[in-house]
Amino acid sequence: MPTLRGLSSSVSASHGEGVPTLLSGFTKCPGLFYATPAQDGILSRIRIPGGILDSQQCYAIADIADEFGGGYVDVTNRANLQIREIDKGINAEVLQRLQDIGLGSPNPVVDHIRNIMTSPTAGIDSQELIDTRPFVQGWNQYILENPHLSGLSAKFSVCFDGGGAVSVGDRLNDITLAAVLVDSNVYFRLYLSVGAKGEPSRDMEILLTPEQCLPVLAALADVYLNHIDFNSSRKPRLREIINTLGWENYLQLVLQRLNFAGETLTPQLPSLPVRFQEELKERSDFQYQHIGIHPQVQPNLFYIGVVLPLGRLKSWQMRGLAELVEKYGTLRLTPWQNLLLTDIQEHQVADVKNKIKSLKLDFAATNIKSALVACSGSRGCAASATDTKGHALILAEYLETRLTLDRPVNIHFSGCVKSCAQHSKSDIALLGVSIEGENKNVEAYHIFVGDGDSNQKFGRLLYQYVTFSELPALIERMLFVYQLQRLSCDESFGNFSDRYPTIQLKQLFNKHLVEIFTTNAH
Ligand code: SF4
């Protein structure tokens, strides 16, 4: 088993090109080579392109978490891993070791660029149109080989959706390439982040052949770089540059660049009648279907989706999972802060289930924690009005003792309006706010439900300034009424709430009315 223990822990200095070093003053976004302070110590983020890890990498991460951090890792909503509570810098030897096993960019100057997202079931999903893993690897390799991309915004984000049952096409990304089938051929449809912050990506109505995807991505990146101040520490988002130039002009510059480079993309923007956005939305409603036991496209192989409460894994659990990966295949992190164990033969499934249970983890989709998401909250982010992670766990533990769900309900906590918990796809969104008290401020939440008006970032506002002490009982009532009044087991909480005007919905959740429901139900 590889180990990182016993290595010296002095903070590294710069050693020249190719040698790992801690960089500073380059970006505020965390990375393996950027010591980013948080309230609970230094935060280090490891890019995991596509979220796929082998056993050696799992062991190494568990060792770092113990040696340098708080003894745990957090899976982020881009399927990165974060190590927190680091009180001394990760030294050059350890960084080198991580680079050697494929964790951390060989070239640190591009390590800040956002993780490349794809479905965690890429290559094993029986419904997917194309395996997107080679595209993730290809784009990652291009980034590593092109140091001029260090000028990209740290938030320059790319997503490949293969058209399978577990979709990531609805996730917020600067650039999404989503597979579609046209006349029996697979293409990628191009979506770009345009317009106001938080708006869904815009369908550019451009179809790309699989071979065109990476050249187009490179051209999109180059046009961005040509329109920014490379030396400025504040890099604009891609959306801002597209808004300034106009998306038609931006795309023409991309096309010119491709023509100049001899690429084959036709300089026409074919218009398609299909509104693929709707299809993406339908598939995204099933995003938590990856939890539990599922057949892979490969005969006699299964994957198991494992629930991680708020994406957290203790280092001993990571080692236990590494042992399973050593025997059975790969571990894949999901953008929903859970994980998959893949390539398990049918006769091995029972063993793996037992091992998962012995690691104090669960694989039931109806576990309330399977669809619970929280941003860093006040323990890790100065902007937060509330302890989102702590509150989310308390809420889940309260609900677990009082309710049994038969389908996941997405409950997302954010500590401020930036919405790092990605409320766009939640059933219930909780926005942390502070109420001024006599001696100290009181932590509270605004509660939003469903999709609401598309102009509403968090959904539809239902309640304001609900203190945390009032919150668990109120959410319990909301879930209780939903299970009683929904049209069918397939109706999500969001769709259920969207059927009612706000006043009527609040009446349904009224404490006294619910008490009558409860009495009758018994
Ligand atoms: S949503 Fe706000 S409070 Fe939460 S992590 Fe993001 S910036 Fe911080």
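Source: prediction; values computed, not measured.

Asks: Just give me the short version of the confidence of the model for the protein chain, but keep the residues and values in it.
Replies: Of the residues in the protein chain, 85% have a pLDDT of 70 or more, and the chain-wide mean is 83. Here helix α7 (residues 276-284) is the element of the protein chain with the lowest mean pLDDT, 50, and strand β14 (residues 331-333) is the one with the highest, 96. Segment residues 1-22 is flagged for pLDDT under 50; beyond a separation of four residues in sequence, or across chains, it makes 54 contacts in the model.

Asks: Explain the sheet that holds strand β10 (residues 202-208) to me, and be specific about the residues and the numbers.
Replies: Reading across from one edge, β6-β7-β8-β9-β10 is the order of the 5 strands in this open sheet, with mixed pairing throughout. At either margin of the open sheet sits one strand with a lone partner, and together these are β6 (117-118) and β10. Examined bridge by bridge, strand β7 (residues 158-161) and strand β8 (residues 175-182) share 4 bridges and lie parallel to one another. The partner of C159 across the bridge, within β8, is T176.

Asks: Run through the pairing of strand β18 (residues 428-435), naming residues and quoting values.
Replies: Counting buried residues in β18 gives 6 out of 8 residues, a clear majority hidden from the surface. Sheet topology note: the strand β17 (residues 411-414)/β18 ladder contains 4 bridges and is parallel. Paired with S414 across the two strands is L431, which belongs to β18. Summarising the sheet, β18 and strand β19 (residues 442-449) pair through 8 bridges and their orientation is antiparallel. Paired with I428 across the bridge in β19 is V449.

How each quantity is defined
Residues numbered from 1 in each chain as written. Predicted model: local features only at pLDDT ≥ 70, side-chain atom pairs only at ≥ 80, totals over all residues. Heavy atoms only, no water. pLDDT = per-residue confidence, 0-100. Helix = DSSP H or I, 4+ residues; strand = E, 2+ residues; numbered from the N terminus. Contact = heavy atoms within 4.5 Å. Pairing = 2+ DSSP bridges. Buried < 20%, exposed > 50% of the residue type's maximum accessible area, 1.4 Å probe, protein only.

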